[in-house]
Amino acid sequence: MAACGAARAALLLLLGTAAAPSPVRGSQGDREPLYRECLSRCDRRNCSGAALSAFRARQPLYMALAGWSCRDDCKYECMWLTVRLYLQRGHRVPQFHGKWPFSRFLFFQEPASAFASFLNGLASFIMLLRYKAAVPPASPMYPTCVAFAWVSLNAWFWSTVFHTRDTAVTEKLDYFCASAVVLHSVYLCCVRTLGLQRPALISIFRAFLLLFLACHISYLTLVRFDYGYNMAANAAIGLLNVAWWLRWCLRNRPRLPHVWKCAAVVLLLQALALLELLDFPPLLWVLDAHALWHIGTIPLNVLFYSFLMDDSLYLLKANSDLLKAD
């Protein structure tokens, strides 16, 4: 669903940054002397000269293709060494570089979140195919809904990539594409509620959103990658999106029975965002609060596309009845 990232950011911002996961990349685990000494020792022994050649020779091809380096392997092994020491001494599991420790599966860094993101993308793609099969292109919302689906698919693709392999590049692509989906959700709402009768207004609003997205990405890329600003910007847009959709749903509930689907998605996304506040160490070192969030959005994707289908068919019929009356 388009507003999922915004719903999460909005709720975290409203409840205070103390409740939100820390945006700082340095964490207790990677500041631990044991971790640093282990990493330095592993790097010296395994990541240069003949030892590095031996590492590359025995590394599985899929790990090399996914970009896992010798130093990445050292970080992974030293992370678990530190975690075991913490648990033996009865301490709480620490985070490393802003993340909980996850058990790697093949080349997947966060297996549950990566798989859930993939399933969200798959659900979006299947519902896009169903939408295109059920709704004729003559429907007034058809191009906007199809564009929304492709923007969402792109975001879920990069979410899958990011949770598979967290790098500076994949992180930025995940964040930027999520912002694009949030903005497109606002655009979708504007077209549906105001723009069908005011195409000039929609053109101006579209240009404004594109300019905002360009400035947002430029600032985060060229000036500073500010996690707090990114959360605040997405939260503000998300709150606008939620309020706008809910107001429209409440006003049109008597004459449009299908709007309950849209209202349910918006409200359930806010409820799911509460999962992010739990922020617990991963169950079985795989399933954390963020993965549960992504799992919960899968059925909401289906429900929202079902709303878009119903609404597009309603608009098509309304236009047809209007033409007959003329």
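Note: the structure precedes this text.
A few points on the structure. (Residues numbered from 1 in each chain as written. Predicted model: local features only at pLDDT ≥ 70, side-chain atom pairs only at ≥ 80, totals over all residues. Heavy atoms only, no water.)

1. Here we look at the side chain of Arg192
Consideration 1: Here Arg192 is to be found in helix H9 (residues 168-195).
Consideration 2: For Arg192, a relative accessible area of 9% gives the class buried.
Consideration 3: Sequence-distant contacts of Arg192, defined by excluding residues within four places in its chain, comprise Met141, Trp245, Trp248, Leu256, Asp311, Tyr314 and Leu315. (Helix = DSSP H or I, 4+ residues; strand = E, 2+ residues; numbered from the N terminus. Buried < 20%, exposed > 50% of the residue type's maximum accessible area, 1.4 Å probe, protein only. Contact = heavy atoms within 4.5 Å.)

2. Overview of the packing of aromatic side chains
Consideration 1: Enumeration according to the criterion identifies 21 aromatic pairs in this entry.
Consideration 2: When the ring of Tyr62 is compared with that of Phe107, the centres are 6.2 Å apart and the planes differ by 50 degrees; the resulting orientation is tilted. Of this pair, Tyr62 sits in helix H5 (residues 61-65) while Phe107 is found in the loop between helix H6 (70-88) and helix H7 (111-134), placing the two residues 45 residues apart along the sequence.
Consideration 3: Relative accessible area serves as the criterion here: at 25%, Phe107 is assigned to the partly exposed category.
Consideration 4: Judged by centre distance (6.1 Å) and plane angle (45 degrees), the ring pair of Phe148 and Tyr305 falls under tilted. Separated by 157 residues along the polypeptide, Phe148 in helix H8 (residues 142-164) and Tyr305 in helix H14 (residues 289-325) bring together distant segments of the chain.
Consideration 5: Among the residues examined, Phe148 registers a relative accessible area of 1% and is labelled buried.
Consideration 6: Residue Tyr305 is classed as buried on the basis of its relative accessible area of 2%.
Consideration 7: The cationic tip of Arg104 hangs over the ring face of Tyr76; the distance from NZ or CZ to the ring centre is 4.1 Å. (Phe/Tyr/Trp six-rings, centres within 6.5 Å; stacked < 30°, edge-to-face > 60°. Lys NZ or Arg CZ within 6 Å of the ring centre and 35° of its normal.)

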